[in-house]
Amino acid sequence: NPLWARRMCINSTPHSFLVSSLGLLLVFRTNSAYQRFAEGRKIWEKILSVSRNLSRLVCLYEQDLGRSRQKRVFRMLAAFP
């Protein structure tokens, strides 16, 4: 039984290389995930900014648009973002 146990033991060098490479892989994946998250956040902020500006313009030109069209635009803005 001890001979069998000695044959199962592996050297620690491959294990350390594997751990190092997995660590680097996790760092790169985390970095790319954060970049995707930041890009999505920028896009979402742009959508919110445009919808706020559009609602301000609708309020500004309420007389020209009419009350029913203003309500329709506000409902559409509330449903979109």
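I will try to describe carefully the structure that is included in this document. Since we're looking at a predicted model, the values are computed, not measured.

**With respect to helix 4 (residues 67-79)**
Turning to step 1, where the next piece is worked out: With 13 residues, helix 4 should reach 18 Å at 1.5 Å per residue; the first-to-last C-alpha distance of 18 Å fits that figure.
Turning to step 2, where the next piece is worked out: Among the residues making up helix 4, those that are buried are Gln70, Val73 and Leu77. Taken end-on, helix 4 shows its buried residues confined to a sector of 65°, consistent with a single buried face. Residues of helix 4 that are exposed and point more than 90 degrees away from the buried face comprise Arg67, Ser68, Arg75, Met76, Ala78 and Ala79.
Turning to step 3, where the next piece is worked out: Among the structural elements, helix 2 (12-60) and helix 3 (62-65) are those in contact with the buried residues of helix 4.

**Some thoughts on the packing of helix 2 against helix 4**
The angle between the axes and the distance between the axes are what describe a pair of packed helices.
Turning to step 1, where the next piece is worked out: One way to put it is that helix 2 packs onto helix 4 with a least axis distance of 10 Å and a crossing angle of 170°. In terms of orientation, helix 2 and helix 4 fall into the roughly antiparallel class. Of the residues in helix 4, those touching helix 2 at Ser51, Leu54, Ser55, Val58 and Cys59 are Gln70, Val73, Phe74 and Leu77.
Turning to step 2, where the next piece is worked out: Of the residues belonging to the contact of helix 2 with helix 4, the class tally is six nonpolar, three polar and no charged.

**What about the environment of serine 16?**
Turning to step 1, where the next piece is worked out: Relative to the helices and strands, serine 16 is located in helix 2.
Turning to step 2, where the next piece is worked out: C-alpha separation for the pair serine 16 and phenylalanine 28, spaced 12 residues apart in sequence, amounts to 19 Å.
Turning to step 3, where the next piece is worked out: Here threonine 13 takes part through its backbone oxygen, which lies 2.8 Å from a polar atom of the side chain of serine 16.

**Topic: helix 2**
Turning to step 1, where the next piece is worked out: Taking 1.5 Å of rise per residue, the 49 residues of helix 2 would be expected to cover 72 Å, and the 72 Å separating its terminal C-alpha atoms lies within 8% of that figure.
Turning to step 2, where the next piece is worked out: When we look at burial in helix 2, the residues that qualify are Ala38, Ser51 and Val58.

**Things to note about the packing of aromatic side chains**
Turning to step 1, where the next piece is worked out: The final tally for this structure, using the stated rule, is one aromatic pair.
Turning to step 2, where the next piece is worked out: Ring plane angle 40° and centroid distance 6.3 Å describe the contact between tyrosine 34 and phenylalanine 37, whose orientation is recorded as tilted. Of this pair, tyrosine 34 and phenylalanine 37 both sit in helix 2, three residues apart, which is roughly one turn of that helix.

**Considering the pattern of salt bridges**
Turning to step 1, where the next piece is worked out: Tallying each qualifying case throughout the model produces two salt bridges.
Turning to step 2, where the next piece is worked out: One salt bridge connects glutamate 39 with lysine 42, and the closest N-O pair in it is separated by 3.7 Å. Of this pair, glutamate 39 and lysine 42 are both found in helix 2, three residues apart, which corresponds to roughly one turn of the helix.
Turning to step 3, where the next piece is worked out: Residue glutamate 62 pairs with arginine 67 through a salt bridge whose shortest N-O separation is 3.4 Å.
Turning to step 4, where the next piece is worked out: Overall, glutamate 62 belongs to the partly exposed group, its relative accessible area being 30%.

Criteria and cut-off values
- Residues numbered from 1 in each chain as written.
- Predicted model: local features only at pLDDT ≥ 70, side-chain atom pairs only at ≥ 80, totals over all residues.
- Heavy atoms only, no water.
- Helix = DSSP H or I, 4+ residues; strand = E, 2+ residues; numbered from the N terminus.
- Expected span 1.5 Å × (residues − 1).
- Buried < 20%, exposed > 50% of the residue type's maximum accessible area, 1.4 Å probe, protein only.
- Arc of directions from axis to C-beta.
- Contact = heavy atoms within 4.5 Å.
- Axes fitted to C-alpha atoms, helices over the stretch in contact; angles between N-to-C directions.
- Parallel < 35°, antiparallel > 145°, perpendicular 65-115°, else oblique.
- Nonpolar A, V, L, I, M, F, W, Y, C, P; charged D, E, K, R; others polar.
- Polar contact = N/O pair within 3.5 Å; in protein donor to acceptor, adjacent residues only side chain to side chain.
- Phe/Tyr/Trp six-rings, centres within 6.5 Å; stacked < 30°, edge-to-face > 60°.
- Salt bridge = Lys/Arg side-chain N within 4 Å of Asp/Glu carboxyl O.

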